[in-house]
Amino acid sequence: MSDRPRTATVHTLDQGPVTVPCPSWCLGVHEDGLDLVDLAHEGPETVLTVDVPHGPVQLLDAGLCQYPYSSNPDDREVQAAVLLGTGWHRLDHDALRMLAAQLVVHAGRLRDLAAELLNAEGAL
């Protein structure tokens, strides 16, 4: 592997072609035709796929992201982008750990509900 920094050339509306450094986690795919402030670095996504009777369903798409030229200083930091409901939410380390903890609690509730369902089915 090369020690040279990874770069990508992006064709922006406001700055023309711009060569930007890519973090090691970035997939290196950037959308052309945006303003430089909208340039995003995105990492590979992790997805929870659950099997239901009608086939697999994807939940909780998540991956690293960064908008290094954003006018919002918070967006310049590396964050996790998580698809919750119908929208993407950018979370920092603490918020992502809190989400993971809430999912663990919810998984326990689903196990309890499954036990309740089993008892209800047996009572019929």
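From a predicted model like this one, the values you see are computed outputs, not experimental measurements.

Calculation rules
Residues numbered from 1 in each chain as written. Predicted model: local features only at pLDDT ≥ 70, side-chain atom pairs only at ≥ 80, totals over all residues. Heavy atoms only, no water. Helix = DSSP H or I, 4+ residues; strand = E, 2+ residues; numbered from the N terminus. Buried < 20%, exposed > 50% of the residue type's maximum accessible area, 1.4 Å probe, protein only. Contact = heavy atoms within 4.5 Å. Pairing = 2+ DSSP bridges. Patch = residues over 30% accessible without salt bridge, like charges linked within 9 Å, V, L, I, M, F, W, Y side chains within 5 Å. Areas by Shrake-Rupley, 256 points an atom, 1.4 Å probe, with all protein chains shown as cover. Salt bridge = Lys/Arg side-chain N within 4 Å of Asp/Glu carboxyl O. Lys, Arg positive; Asp, Glu negative; His and termini not counted. Charge placed at Lys NZ, Arg CZ, Asp CG, Glu CD. Disulfide = S-S within 2.5 Å.

Description of the environment of L36
Next up, step 1: Mapped onto the fold, L36 is located in the loop between strand 2 (16-22) and strand 3 (41-42).
Next up, step 2: L36 gets classed as buried once you look at its relative accessible area, which sits at 15%.
Next up, step 3: Residues L36 and S71, 35 residues apart in the sequence, show an inter-C-alpha distance of 10.0 Å.
Next up, step 4: Here L36 is in contact with T12, D14, Q15, V18 and Y69, once residues within four sequence places are set aside.

Some remarks on the pairing of strand 5 (residues 55-66)
Next up, step 1: Where strand 3 meets strand 5, 2 bridges bridge the pair, whose relative direction is antiparallel. By the bridge assignment for strand 5, E42 is matched with C65.
Next up, step 2: Taken together, strand 4 (residues 46-52) and the strand that follows it, strand 5, pair antiparallel across an intervening segment of 2 residues.
Next up, step 3: For strand 5 and strand 6 (residues 79-84), the ladder comprises 4 bridges, and the chain directions are antiparallel. Looking at strand 6, one finds that G63 is bridged to A81.

Here we look at a negative patch on the surface
Next up, step 1: Together, D14, E31, D32, D35, D38, E42 and E45 make up a region of like negative charge exposed at the surface.
Next up, step 2: Take E31: it is sitting in the loop between strand 2 and strand 3.
Next up, step 3: For E31, a relative accessible area of 56% corresponds to the exposed category.

So, the pairing of strand 7 (residues 87-91)
Next up, step 1: Pairing geometry for strand 6 and strand 7, over 5 bridges, is antiparallel. Looking across to strand 7, one finds that A81 is bridged to R90.
Next up, step 2: What sits between strand 6 and strand 7 in their antiparallel hairpin is a turn of 2 residues, with G85 showing a positive phi close to 70°.

Quick notes on the state of the cysteines
Next up, step 1: As enumerated under the stated definition, the model contains 0 disulfides in all.
Next up, step 2: C65 carries a free sulfur, and the closest cysteine sulfur to it, the one in C26, is 11 Å from it.
Next up, step 3: Residue C65 is classed as buried on the basis of its relative accessible area, which comes to 5%.

Quick word on the pattern of salt bridges
Next up, step 1: Applying the stated rule across the entire model yields 1 salt bridge.
Next up, step 2: Between R90 and D75 there is a salt bridge, with its nearest N and O atoms 3.0 Å apart. Within this pair, whereas R90 is found in strand 7, its partner D75 is found in the loop between strand 5 and strand 6, the two being separated by 15 residues in sequence.

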